[in-house]
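If you want the building blocks of each chain, they are given just below.
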Amino acid sequence: MNYANGCAAFVREPARIPIVFDYEGVTFRGMAEGFEGAECSVREFCDRKEYTYSALHSRSGARFTVQMSHWEKRGAFSCRAEITAEGRTGVFGHPHWELEIPAPNAVLVGNKGDDANGGIGYAPYSCALSGGAVHSEITGGRPTHGCFPYYGIDSDAGGLILVLSWQGCWYTDFSQSGDSVIFSGGQAGLETYLEPGETLRMPLLLLLDYEQDRVNTWRRFYIDCLMPRPGGRLTPPALSVFNGSCNGLSEKLVADTKRWYDDNAIDYDLWWFDAGWGADGTGEHNPTGEWIYAANLTVNTDAFPDGMAWLGRELREQRRQLMLWFEAEVVRTPECKREEFFTYYPDFKPEWFLGQSGKEWCGLQLVWQLMDLGNPELLQWLERHIFAVMDKAGADIFRIDFNIDPAELWRLHDRPGRTGITENKYCQGYLRMIKDISLRYGCLMDSCASGGGRNDLETMCLMLPLHYSDHIDVAPLNSNEHVFMQQNVWCWFPYTHNNFSSADQISDRYTARSIYNPCLTCGMSAAEREKVSVPGLKAAIEEWRSICDMYYGDYYELLPPSADDTSAKAFEFYDAAQGRGFVQIFMPRNCSGTVAVELKGADGFEVRDADGAETELNGTRLTMPAAPGTARLIYITAASDKHL
């Protein structure tokens, strides 16, 4: 398909710019009729052209600005838009993107999002649009929990990847109309007037043509053109360590953990410091020692007297990095201590809270207050506190978490006639915050929202989805479900992490190999470290290091993803430039028969099993009898006369 490249014509034909909106009962399509004073500028980059088209909407007096990027050699096109009011406007209703895509006999393919409750997520789906329209919608406010706005459209005309990126509530609709697919999508439920100087932002829309290999067309484009590059380079594979606990932390506990890894010569790259360091919002303390009551704006100096500076200093001396967790948008100070919060932070204005909500979790009643990131004054205040904690600790890497569904509080804060405005401003502020942090530190950043809840594309251009699901914490020994999720996640995101949290995961080779990822974390508690075989841990790390530089290569599902304990699971990473890669094959305890897979990426291979087991290879077809309960790691090299 050559649809995405054809969208570059929008610049010359503003009537075709795919914006649709209502204004005071009149529907407008494109930016020709009803617009005046058009201006267009262009910037050229080494890989793309960027066009900015701007025009005044006559009836509202608002200025529409559309930024369009065209990667011609990649067959990719994106657009984003803003609506800025000069004076108070009437009501803009339902601004969204709408496309008619030539795609006869179209099939929509994609994945479901992560499970907000820690269950297994990312299940793939495939649905013929001739069977009816497909509607997806996020209502809770975390954009990739339950639904996942990354799509493939397979049709007789070729393939098109379509991505809608929004940080809150969104919707998409796909339907077949004759030989075309009709798409519409945008922020869900937006209907508001604008005050003077206010700006509405529309979601990012990205289109990418592909012919056959949807997965690797996307991966190559994302890696080369969109993926974050801290320090100007792709994030290398990393081994991280974590103290294994988020409650009752102290300087001694962390120091003892660090000493264990150092004394055992575990050659890690970064320290993963998760929740548990924050004060409770009423001073530099947290008497309960539980992260669920913390306001992560100030370090608990009862537990960490120097604000963790000693840890950052020691890690820098060892040429290692420190990653620090924040749930920056939420304050969890108990309601009975709210006045103490305002006393301790006298420059914090009560109106900066959008409201309070809560839920029961594991027998506890959680309460939280959500900050208004759409308020520029609050945003500056919040960034100052984040910077102060990061700088004091000497942290190199920012990790964000977001463990609430914010949409209810956004909606309650909207005034009459302003539906969706709080959310829209909040999402603008969120992107501003993570861009400011990235500019200040030039660092790798990790996006987490109870796992993979906020992995929209604009976020994924600034951060990586290391902790792609809480399911890896909820069910750490369920290797088959881990492999299932990873096989689906890797189709979209090349760089993720998994965690060794118990000695049993390391002693069992099947489980250990199911955890390998570009970022491998050792996060065992003190009790688990007493049980673990250090030589076994080192052997697993060494084996992981033998393959970890291949995760940026092409990715192939050799067998369909499955989470059961009967079906074999198999996948391949292959770097054609180097002519090498690896295959992992998992044969669960109830697997039987013969396992056969077709290797991809070259016309012929040489193979070597990591355990020295015999492997039958006929051309590119790899076969073996099922060996229940085993996981095989096979190194592959392109045959010398067939290296692509």
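First things first, this report covers the structure right here in the doc. (Residues numbered from 1 in each chain as written. Predicted model: local features only at pLDDT ≥ 70, side-chain atom pairs only at ≥ 80, totals over all residues. Heavy atoms only, no water.)

Attention now moves to the nonpolar core. Counting residues in each nonpolar core, the largest one holds 196 residues, and the members touching the most others are Ile101, Trp218 and Phe273. Considering each element in turn, this core owes the most residues, nine residues, to helix H6 (residues 376-393). In contact with Ile101, not counting residues within four places along its chain, are Met1, Tyr3, Ile153, Leu160, Leu162, Asp179, Ser180, Val181 and Phe183. Counting 21 residues, the second-largest nonpolar core is a separate cluster that includes Leu559, Met587, Phe605 and Ile634. (Core = buried A, V, L, I, M, F, W, Y, C linked by side-chain atoms within 4.5 Å. Buried < 20%, exposed > 50% of the residue type's maximum accessible area, 1.4 Å probe, protein only. Helix = DSSP H or I, 4+ residues; strand = E, 2+ residues; numbered from the N terminus. Contact = heavy atoms within 4.5 Å.)

On to the sheet that holds strand S19 (residues 270-273). Strand order across the open sheet formed by seven strands is S28-S26-S22-S19-S18-S30-S29, with parallel pairing between neighbours. What marks the edges here is a single partner per strand, and that holds for strand S28 (445-447) and strand S29 (497-500). Shown here is a sheet whose adjacent strand axes are inclined to one another by a mean of 25°, direction ignored. Two strands pair when backbone bridges link them, and strand S22 (residues 321-326) and strand S26 (residues 397-400) are joined in this way by four bridges, in the parallel orientation. Across the sheet, the residue bridging to Phe326 is Ile400, located in S26. Strands in contact with helix H15 (residues 534-545) are strand S18 (238-241), S29 and strand S30 (519-522); relative to S18, the strand with the most contacts, it is inclined by about 150°. (Pairing = 2+ DSSP bridges. Axes fitted to C-alpha atoms, helices over the stretch in contact; angles between N-to-C directions.)

Considering the arrangement of structural elements, one finds Ile506 in helix H12 (residues 503-507). For the pair formed by Ile506 and Ser533, sequence separation is 27 residues and the distance between their alpha carbons is 8.0 Å. Ignoring anything within four residues of it in the chain, the contact list for Ile506 reads Phe500, Ala512, Met524, Val532, Gly536 and Leu537.

Along its 13 residues, helix H3 (residues 251-263) runs 18 Å from first to last C-alpha, staying within 8% of the 18 Å computed at 1.5 Å per residue. Burial in H3 covers these residues: Val254, Thr257, Lys258, Trp260 and Tyr261. Along the axis of H3, the buried residues cluster in a sector spanning 155°; they form a single face. Residues of H3 that are exposed and point over 90 degrees away from its buried face: Lys252 and Asp263. Remark: Ala265 follows H3 within two positions and exhibits a positive phi of approximately 55°. (Expected span 1.5 Å × (residues − 1). Arc of directions from axis to C-beta.)

Spatially, the three strands line up as an open sheet ordered S34-S37-S36, and their pairing is antiparallel. Of all the strands in the sheet, just strand S34 (594-598) and strand S36 (616-618) have a single pairing partner and so form its edges. Mean inter-strand twist for the sheet, computed between neighbouring axes without regard to direction, equals 20°. The sheet contact formed by S34 and strand S37 (residues 621-625) spans five bridges and is antiparallel. Among the inter-strand pairings, Glu598 is bridged to a residue of S37, identified as Arg621.

A separate point is the pattern of salt bridges. This structure, assessed with the given rule, holds 39 salt bridges. With its nearest N and O atoms 3.5 Å apart, the salt bridge here joins Glu13 to Arg16. Glu13 sits in the partly exposed class, given a relative accessible area of 36%. On the basis of relative accessibility, which here comes to 40%, the residue Arg16 falls in the partly exposed class. With a closest N to O distance of 2.8 Å, Asp256 and Arg259 form a salt bridge. In this pair, Asp256 and Arg259 are both assigned in helix H3, three residues apart and thus about one turn of the helix distant. Judged by relative accessible area, Asp256 falls into the partly exposed class, the value being 29%. (Salt bridge = Lys/Arg side-chain N within 4 Å of Asp/Glu carboxyl O.)

For helix H4 (residues 309-317), every residue scored as buried is listed here: Ala309, Trp310, Leu311, Gly312 and Leu315. Residues of H4 that are buried make contact with H3, S19, S22 and H6. One or two positions beyond H4, positive phi appears at Arg319, with a value near 60°.

As a general feature of sheets, a regular strand has side chains that alternate between the two faces. Judged from the four bridges that link them, strand S1 (residues 19-23) and strand S2 (residues 26-29) form a sheet pairing that is antiparallel. Opposite Tyr23, over in S2, you have Val26 as the bridge partner. Between S1 and S2, which pair antiparallel and follow one another directly, the connecting turn spans two residues, one of which, Glu24, has a positive phi of 50°.

Attention shifts here to the packing of aromatic side chains. Scanning the model with the defined rule gives 57 aromatic pairs in all. Note on Phe341 and Tyr345: the rings are 5.0 Å apart at their centroids and 50° apart in plane angle, and the pair reads as tilted. For Phe341, a relative accessible area of 0% translates into the label buried. Given the relative accessible area of 3%, Tyr345 is considered buried. Judged by centre distance (4.8 Å) and plane angle (45°), the ring pair of Phe348 and Phe353 falls under tilted. The two residues Phe348 and Phe353 agree in class, both being buried. Here the basic side chain of Arg418 rests over the ring of Tyr193, its NZ or CZ set 4.9 Å away from the ring centre. (Phe/Tyr/Trp six-rings, centres within 6.5 Å; stacked < 30°, edge-to-face > 60°. Lys NZ or Arg CZ within 6 Å of the ring centre and 35° of its normal.)

Burial of strand S38 (residues 630-638) is extensive: seven of the nine residues sit out of reach of the surface. Strand direction decides the pairing type here: strand S35 (residues 605-609) and S38, joined by five bridges, are antiparallel. Counted as the bridge partner of Phe605 is Ala638 from S38.

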